[in-house]
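# What the coordinates show
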Amino acid sequence: MESDVMKIVQHELFIITFILGIGLLAMKLAARIKIPDVALFMILGIIVGQSGLKLISVPNESIANQFIIVLGSILILFEGGKAIHFSILKKVWITITLLSIPGVIITAAIVAITSFYLLHIPFLYSLLLASVIASTDPATLIPVFKQVKIRNKVRQTVESESAFNDATGSILAFTILGIILGTTQLSITSSIWSFIREAGGGIIIGAIIGYLGILFTSEQKLGFFKNYSTIISIVMAISSYLIAVSVESSGFMATFTAGLILGNPEIFRLHISDENSMHSFHFSETITLIMRKLIFMLLGTQVNFHIFSKYWVQAILIVLVFMFIARPITVLLCTLPDRKAKWEWKEIIFMFWVRETGVIPAALSGMIVAAGVKHADEITTVTFIAILMTILIQASTTGYVAKKLGITIDV
């Protein structure tokens, strides 16, 4: 029994070491050809995974895969929150709110109607499919914007949207899944309450933990752990997620909010030393890079072209509507009413193009498969085609589009 456990441990260690090693080659190549590394990580994953050389096999529903996805998303979201400045957030909060709530519903409605006619599946299943891919993906967008330097207002709007709309998309998906499985009744009131509980609870828990993190790492009397800011950051990121999930709130929103609060100590008139801030920054950069490699190469290894073969034409058409019709309509309806943000057309057009799908939709589709839901193959096919197309096409050309539109900045 013990030897079996050791074999499993050794196998997982081999996978992690192999991914980290080959990921170094992808990073060098990405830097040379000037595209975001997440796209190359996913391509390498496809090559070494079940659709390619079959060197790595980590099922979507396995504990190892879920652990890496959840932990990686937590750390990436936390780091993304720390990079957001309240001074900019105050200018665009209307747009973020509209994109994060009605924007997800608008996108889901358009994709659901398209899926209903192209896949010929019941509308409730089409809506489930659409809700899985309706929210943008922070684990993809935040790493991309670490490499592509664009105007802060646009970057922080898109990053904040991707963090906040995760709650809306997840609630929508789980509500519809519950209706299909017969465990939930369709109720507008209960859906609104679910959103308030998940989103609001996540924000409150994240804000409290973020404030405590500032207190314990500041130069004030309570700064007991100011010399251990990197460890405190990890504890904050993971604990905010765990506490939020334990009370049925959005763990990812709590994590993002905790990072957001920690990254803005000045609003509480507290100070964290520059030395501690730099140590924490460099450590976070390294750990999120490692998790980024693991997440996107694992996503690539799970691409199964055999399953795709039956529905790939319909899936591509649905994703094209998703990218070129649903996203632009959503962005227009959510940015034009916000006069305070003073959006320029080139900024709005750029937001049309940042529609990446990734970790959370992959996890949701895995849960749907595990639940034995009808039409799971169609849902899985469209989800992974959306991940492939948005990451390989949109993420890899984000820098080019930003440069052409003239919204890049010099660092």
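Criteria and cut-off values
Residues numbered from 1 in each chain as written. Predicted model: local features only at pLDDT ≥ 70, side-chain atom pairs only at ≥ 80, totals over all residues. Heavy atoms only, no water. Phe/Tyr/Trp six-rings, centres within 6.5 Å; stacked < 30°, edge-to-face > 60°. Lys NZ or Arg CZ within 6 Å of the ring centre and 35° of its normal. Helix = DSSP H or I, 4+ residues; strand = E, 2+ residues; numbered from the N terminus. 1 Å grid on protein atoms, 1.4 Å probe; cavity = no way out; pocket = protein on both sides within 12 Å on 5 of 7 lines; lining within 4 Å. Points joined across faces, edges and corners; volume = space filled by probe spheres on them. Nonpolar A, V, L, I, M, F, W, Y, C, P; charged D, E, K, R; others polar.

### A word on the packing of aromatic side chains
A full pass over the atoms with the stated rule returns six aromatic pairs. Measuring from ring centre to ring centre gives 5.2 Å for Phe-116 and Tyr-117, while their planes differ by 80°; the resulting arrangement is edge-to-face. Over the ring of Trp-343 we find Lys-153; its NZ or CZ atom is 4.6 Å from the centre of that ring.

### A closer look at unusual backbone geometry
Although it is not a glycine, Lys-54 adopts a positive phi angle of roughly 60°. Examined against the element boundaries, Lys-54 turns out to sit in the loop between helix H2 (37-48) and helix H3 (63-82). Of note in this structure, His-375 is not a glycine but carries a positive phi near 60°. You can see His-375 is positioned in the loop between helix H15 (359-370) and helix H16 (376-405).

### Focus on empty space enclosed by the protein
The gaps left among the atoms become clear once a water-sized probe is rolled over them. Summed over all chains, the structure comprises three cavities of 30 Å³ or more. As a volume, the largest cavity reaches approximately 70 Å³. Contributions of two or more residues to the lining of the largest cavity are made by H3, helix H10 (229-246) and helix H12 (274-301). The residue makeup of the lining of the largest cavity, split by class, is six nonpolar, four polar and one charged.

What is shown is where atoms sit, not what they do.
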